[in-house]
Amino acid sequence: MVVDLPMSNVVRLEYRNVTMRFAKTGSEGVLTAVQGVSFSVRDGEVVSLIGPSGCGKSTLLNIGSGLTQPTEGAAFVDGERVEGANAHVAFMLQKDLLLPWRTVAENVMFGVEIQNLPLAERRRRAEALLENFKLAEFAGHYPHQLSGGMRQRVALARTLAVDPHVLLLDEPFSAVDAQTRMVLQRDLALTLKEAGKTALLITHDLAEAVTLSDRVLVMSRRPGAIIDEIAIDMPQRDNPIARRHDPKLGDYVARLMDRLDIGHNSLDQQPAGGAA
Amino acid sequence: MSNRAQSALIRKGAIASFVVLVVFLAAWQWGPGLLGVPSFIVPPLSMVGAEFLHAWQFDHLLLHTGVTVAEVMAGFILGSVLGAVVGYLLGMSPIAEFALSPYILALQIAPKVAFAPLFILWMGFTVYPKILVAILIVFFPVMVNVLTAVRGVDPDLVNLARAFKATRAQIFWKIEFPTSMPPMFAGLRIGSTLAVVGVVVGELVGGNQGLGYLLTFGEGQADTPLVFVSIVMLTVVGGIAYLAVILAERRVLHYLPARSLGGNL
């Protein structure tokens, strides 16, 4: 077991008063996806973001990775304002986004290849990551020959290969079956802890949010704003399976359900949320 | 399917296929005689075989075939390259596609072979009008498939590359170009057979070389066996062109599961 060291106070990722508006398609007016969101993630910290569908979670992730610019406010990585794609941030989605014409090893090297690292260094990183994720024997396979869980692990290896300071994870395991998901959660938690990576995790799975994170942020319905912040006071952030046995898990999940209005009649009267 | 079951299927299929061939050739040889069809309507197989040897010796069959093959290759290669380039450019520029799509559609609807007489008026009885018809006819299936493929690239994939700070050129060569390969090969397969059609129509309209010319020559002489020889040779040329595309496709798209490639052929 990894000893829990005191968390560094260096802020890796920060959102300052971020507001995002879109022009509504097909009608007049604007749609406010995110309203005045501010929070920060310290070095080595894992923070989860939960909230109803369409509350702008993925918008925040796109802003953090520099793919979209917010209408107001800004995101900062290592104190620098994010104004475009940033080599210190890497993201991973629900879709594995593996390239079918590349082998597993070549897919892992995709990011470092774009960043023009020397070939020997690319190979070294891919080999180390594949070894770490127990995929070494599949290095020469093509994605269609792998199971869904293995493909997500390759995607995670590709994300880590660029050695980012910050990982942005958008429901990375929601497309795999429940048992595979638990294994992947364990691999992710262990990797994040060992590498000391900072991560922002978007998820719909409340137990996943609690077992993987140091803190959970709860967002409201559109326009999305942060309505609660829950520090997870449980040991063993590197072992979500052990955390699942912790009696406190139920209390945290119940509190999150309450904050999200799950189980209240009011939910049924809400208009259906749009796509995130 | 297990390997053994599959190889049994292939063996049985090959035997059945061979039986069909034998029956067909036998029907060709003896069918006309049995049904009382005169040989100037359907010459039996042996007569066509004899005509093949005769044409080889006295009618420059090899030369005519060679001319047709060269025209097909030139038209197919130039038409494919042009179709692919235009497909990529339009795929990357929605404004250009929007502006040009009505004209492209009009040109696509127009029967390309109808341009053959026009091209012959422009360029005379040379190989160029035939190549031009082939270019025009090959262009569209390749262009449309490439355009659709570039348009259909997963935007998340492009975002992934952009997040790694990919340049526009890197996005093209590492994502868009490889993504377009399977649909492009589907277009090339269609193009390979259409190229033969384009060239033959050009040769039928005017000129004194090529298998299309040999067809009209045989028709003028009421030499039905020569017409049959020309048709067989054209089929062989088209078949080789198609096979060449399939072999190239298997090499390039080796990463796809076997079933999604062109089946038996």
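Small disclaimer: the values here were computed from a predicted structure and weren't measured. (Residues numbered from 1 in each chain as written. Chains lettered and ligands numbered in written order. Predicted model: local features only at pLDDT ≥ 70, side-chain atom pairs only at ≥ 80, totals over all residues.)

### Thoughts on the overall build of chain B
Next up, step 1: Along the backbone of chain B there are 10 helices and 0 strands.
Next up, step 2: If you list the helices and strands of chain B from N to C, you get α-α-α-α-α-α-α-α-α-α.
Next up, step 3: Reported as C-alpha extents along the three principal axes, the dimensions of chain B are approximately 75 × 60 × 30 Å.
Next up, step 4: Out of the 265 residues in chain B, the part that is buried amounts to 37%.
Next up, step 5: A fraction of 73% describes how many contacts in chain B between residues 6 or more apart in sequence connect residues 24 or more apart. (Helix = DSSP H or I, 4+ residues; strand = E, 2+ residues; numbered from the N terminus. Buried ≥ 20, exposed ≤ 12 C-beta atoms within 10 Å, placed from the backbone. Contact = placed C-beta atoms within 7 Å.)

### What about the sheet that holds strand β2 (residues 30-42) of chain A?
Residue and element names in this part refer to chain A.
Next up, step 1: The strand order across the open sheet formed by 4 strands is β2-β1-β4-β5, and the pairing between neighbours is antiparallel. Two strands close off the open sheet at either side, each with one partner strand: β2 and β5 (80-81).
Next up, step 2: In this structure, strand β4 (residues 72-77) lies alongside β5, joined through 2 bridges in antiparallel fashion. Within the sheet, the bridge partner assigned to valine 77 lies in β5 and is glutamate 80. (Pairing = 2+ DSSP bridges.)

### Thoughts on the interface of chain B and chain A
Next up, step 1: Between chain B and chain A, the residue contacts involve 14 residues of the former and 18 residues of the latter.
Next up, step 2: Looking at which element gives the most residues to the side of chain B that touches chain A, the answer is helix α7 (residues 155-163) of chain B, with 7 residues.

### Comments concerning the nonpolar core
Next up, step 1: Residues Leu49, Val108, Leu130, Ala157 and Ala161 of chain A are the most contacted members of the largest nonpolar core, which totals 79 residues.
Next up, step 2: Apart from residues lying up to four places away in sequence, leucine 49 of chain A is in contact with Lys57, Leu60, Leu200, Leu201, Ile202, Leu217 and Met219 of chain A.
Next up, step 3: Counting residues in hydrophobic clusters, the runner-up holds 54 residues, among them Leu90, Leu136, Leu234 and Ala241 of chain B. (Core = buried A, V, L, I, M, F, W, Y, C linked by C-beta atoms within 7 Å.)

### Brief notes about helix α6 (residues 128-151) of chain B
Next up, step 1: Taking 1.5 Å per residue as the helical rise, α6 of chain B with its 24 residues ought to reach 34 Å, and the 33 Å between its terminal C-alpha atoms agrees with that figure.
Next up, step 2: Counted residue by residue, α6 of chain B has 20 buried out of 24 residues, so it is predominantly covered. (Expected span 1.5 Å × (residues − 1).)

### Overview of α7 of chain B
Next up, step 1: Residues Leu160, Ala161, Arg162 and Ala163 of chain B constitute the buried set of α7 of chain B.
Next up, step 2: Where the residues of α7 of chain B are buried, they touch β6 (89-92) and α3 (110-114) of chain A together with α8 (168-205) of chain B.
Next up, step 3: Positive phi shows up at lysine 165 of chain B, right after α7 of chain B, with a value of about 65°.

### Structural notes on the sheet that holds strand β10 (residues 226-231) of chain A
Residue and element names in this part refer to chain A.
Next up, step 1: Read across the open sheet, the 6 strands follow the order β6-β7-β8-β3-β9-β10; overall the sheet is mixed. Since the sheet does not close on itself, it has two edges, and those belong to β6 and β10, each with one partner. The mean angle between the axes of side-by-side strands here comes to 15°, regardless of whether they run parallel or antiparallel. (Axes fitted to C-alpha atoms, helices over the stretch in contact; angles between N-to-C directions.)

### Notes on the confidence of the model for chain A
Do not read the predicted coordinates in detail wherever pLDDT is low.
Residues and elements named next belong to chain A.
Next up, step 1: Scored by pLDDT, chain A has a mean of 85; 91% of the residues are at 70 or more.
Next up, step 2: Across chain A, the element-wise mean pLDDT spans from 49 in helix α10 (residues 266-269) up to 94 in helix α2 (residues 104-108).
Next up, step 3: Every residue in residues 1-5 scores below 50 in pLDDT, and together they form 5 contacts with partners more than four places removed in sequence or on other chains.
Next up, step 4: Note that pLDDT drops below 50 for residues 267-276; the model gives that stretch 14 contacts with residues more than four away or on any other chain. (pLDDT = per-residue confidence, 0-100.)

### Some details on the pairing of β10 of chain A
Residue and element names in this part refer to chain A.
Next up, step 1: Two strands pair when backbone bridges link them, and strand β9 (residues 215-219) and β10 are joined in this way by 5 bridges, in the antiparallel orientation. Each bridged residue has a counterpart across the sheet, and for methionine 219 the counterpart in β10 is isoleucine 226.
Next up, step 2: Here β9 folds back onto β10 in antiparallel fashion, the turn holding 6 residues.

### Some details on the domain arrangement of chain B
Next up, step 1: Partitioning chain B into structural domains gives domain 1 (1-37) and domain 2 (43-260).
Next up, step 2: Between the C-alpha centres of domain 1 of chain B and domain 2 of chain B there is a distance of 30 Å. (Domains from an automatic or database assignment.)

### A few points about the pairing of strand β1 (residues 11-23) of chain A
Residue and element names in this part refer to chain A.
Next up, step 1: Where β1 and β2 come together, 9 bridges link them in antiparallel fashion. Bridging across to β2, phenylalanine 22 finds its partner in leucine 31.
Next up, step 2: Two strands pair when backbone bridges link them, and β1 and β4 are joined in this way by 5 bridges, in the antiparallel orientation. When the sheet's bridge partners are listed, threonine 19 is paired in β4 with glutamate 72.

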